[in-house]
Amino acid sequence: VYKGLDIITNKMPVKEREGIPHHLMDFLEPSQEYRVTEFTEDAIKIINDIHSRNHIPIIVGGTHYYIQSLLWKNSLIKTCDDSEYDSDSENDEILNSETDILYKRLQEVDPIMANKWHWNDRRKIRRSLQIYLQTGKCHSDWIKEQHQPDEKALSLRFPRTCIFWLYADPKVLDQRLDKRVDKMIKEGLFEELIYLRNKVNNESAHMSSGGNINYTRGIWQVIGCKEFEPYLKTLEETPHSDDNAVDAIKESSIEAMKAATRRYSRKQIRWIRNKLLLKCQESDLNDTDVNYAVLEKWNQDVRDVAIKITKEFLDNGTGPDPKSLSSEAKELLNPVTDMNTFDNLKTWTKYECDICKIFNDNSPVAINGLANWNQHLQIQKRDGYELGWAISPLVQKEKKSSKLT
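Rules used in this analysis
Residues numbered from 1 in each chain as written. Predicted model: local features only at pLDDT ≥ 70, side-chain atom pairs only at ≥ 80, totals over all residues. Heavy atoms only, no water. Helix = DSSP H or I, 4+ residues; strand = E, 2+ residues; numbered from the N terminus. Buried < 20%, exposed > 50% of the residue type's maximum accessible area, 1.4 Å probe, protein only. Contact = heavy atoms within 4.5 Å. Areas by Shrake-Rupley, 256 points an atom, 1.4 Å probe, with all protein chains shown as cover. Core = buried A, V, L, I, M, F, W, Y, C linked by side-chain atoms within 4.5 Å. Axes fitted to C-alpha atoms, helices over the stretch in contact; angles between N-to-C directions. Parallel < 35°, antiparallel > 145°, perpendicular 65-115°, else oblique. Nonpolar A, V, L, I, M, F, W, Y, C, P; charged D, E, K, R; others polar. Arc of directions from axis to C-beta.

Draft legend 1. Region of interest: the overall build of the chain. Within the chain, the secondary structure is distributed over 16 helices and 7 strands. Burial statistics for the chain: of 405 residues in total, 39% are counted as buried. Across the chain, the fraction of contacts at a sequence separation of at least 24, relative to all contacts at a separation of at least 6, is 65%. Within the structure as shown, the chain displays about 24,000 Å² of accessible surface, and the carbon and sulfur contribution to it stands at 50%.

This is how it looks when you write it as structure tokens:
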């Protein structure tokens, strides 16, 4: 959506668009923010216009939360954004409080969501509290309504929808992602990041806090901005520093970006299996898995298969059983349990670890949810408590000789 910044946003090159109109691209200044509600409203207008011309819109993307919010009507909770607040209002004062105060307030008004979030996750705590303050209804109550059978059945916005999931084995994908980061650097990633830092820092104070960039908002959320902060900051503050030291920071930043990209790809798969597939199942909508493990066989394994399925869907409104397409599809197209249903939220549990400590007050670490707790125990046993599992930047491992039983 942002103007320029083609490399860091991995934008489709114009020469590869083959003259096909691409919408909602290159229209936003880097200093601006673009919320999912705005995207949904803008995308619906464009889709309606395309339909009015008897053409077929194709939605392509990597942010599944945005796409799911577009395809299903009841995915979003309508609240105003921060810019609509009266700066003197009581709500504004509450939402700008320290994180521990926000958490205590959320515990009072919506204990179910307070129990869901980690006490140090300011963004999620603030969002749940904001929903309550703006709508007068608890975030957990909204989730409960969204999972009612009647809401689920009627929520698909475009009844004739066909979804393709382009899948690759994670090990193969990791290698491609690493190579993509290397390619981005060769094509001018650093120059783009420096341009972005200079432009936004000069033009927009609201994207930063106390002179520090807020990496949870706007363009700064893009992978690469946060990861290369140490390297770019070193170049800005000590331009004549030791070359070997600077190179070491640069290599560390490159590896950080590659690791973040790999994590995000796995997060996308989890979102599909935890949320999108469940939505498809509830709406009796097929999600087709097309595997592209070998790029040399792209036309045969992906393009031709997708064209055949699309033609059948457009002609007859049907298609093959998605699970019949490949062994990977048979395994992956089974949604896992949705952990955000109201019933699951009610039974969500926090656990305390007597071995891992918060470094500044030596109190037990709080761990969210049974799955995370089991993972924590497994890592402790595997590594003899040497590595530990940090659940927030404020947590570090304290070596102990005792073992859990």
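Draft legend 2. Region of interest: the side chain of Lys258. Counting through the fold element by element, Lys258 comes out in helix α12 (residues 243-282). With residues near it in sequence (within four places) discarded, Lys258 still touches Asp178, Val181 and Asp182.

Draft legend 3. Representation of the nonpolar core in the model. Ranked by size, the top nonpolar core spans 45 residues in total, and within it Trp72, Leu189 and Phe228 carry the most contacts. Put simply, the parts of the chain that give this core at least two residues each are α1 (36-52), α2 (64-71), β1 (163-167), α9 (170-186), α10 (189-203), α11 (229-237), α12 and α14 (327-332). At 8 residues, α12 tops the list of elements feeding residues into this core. Discounting chain neighbours no more than four positions away, the residues touching Leu189 are Ile7, Ile8, Met184, Phe228 and Met257.

Draft legend 4. Inspection of the packing of α2 against α12 at higher detail. Remark: α2 packs on α12, axes separated minimally by 10 Å, with the N-to-C direction vectors making an angle of 10°. Of the possible angle classes, the one that applies to α2 and α12 is roughly parallel. Together, His64, Tyr65 and Gln68 of α2 and Gln268, Trp271, Ile272, Lys275, Leu276 and Lys279 of α12 make up the contact between the two elements. Considered class by class, the residues forming the contact of α2 with α12 number 4 nonpolar, 3 polar and 2 charged.

Draft legend 5. View of helix α4 (residues 99-109). For α4, every residue scored as buried is listed here: Thr99, Leu102, Tyr103, Leu106 and Val109. Along α4, the residues classed as buried sweep out an arc of 130° about the axis, all on the same side. α4 presents Lys104 and Glu108 as exposed residues on the side facing more than 90 degrees away from its buried surface.

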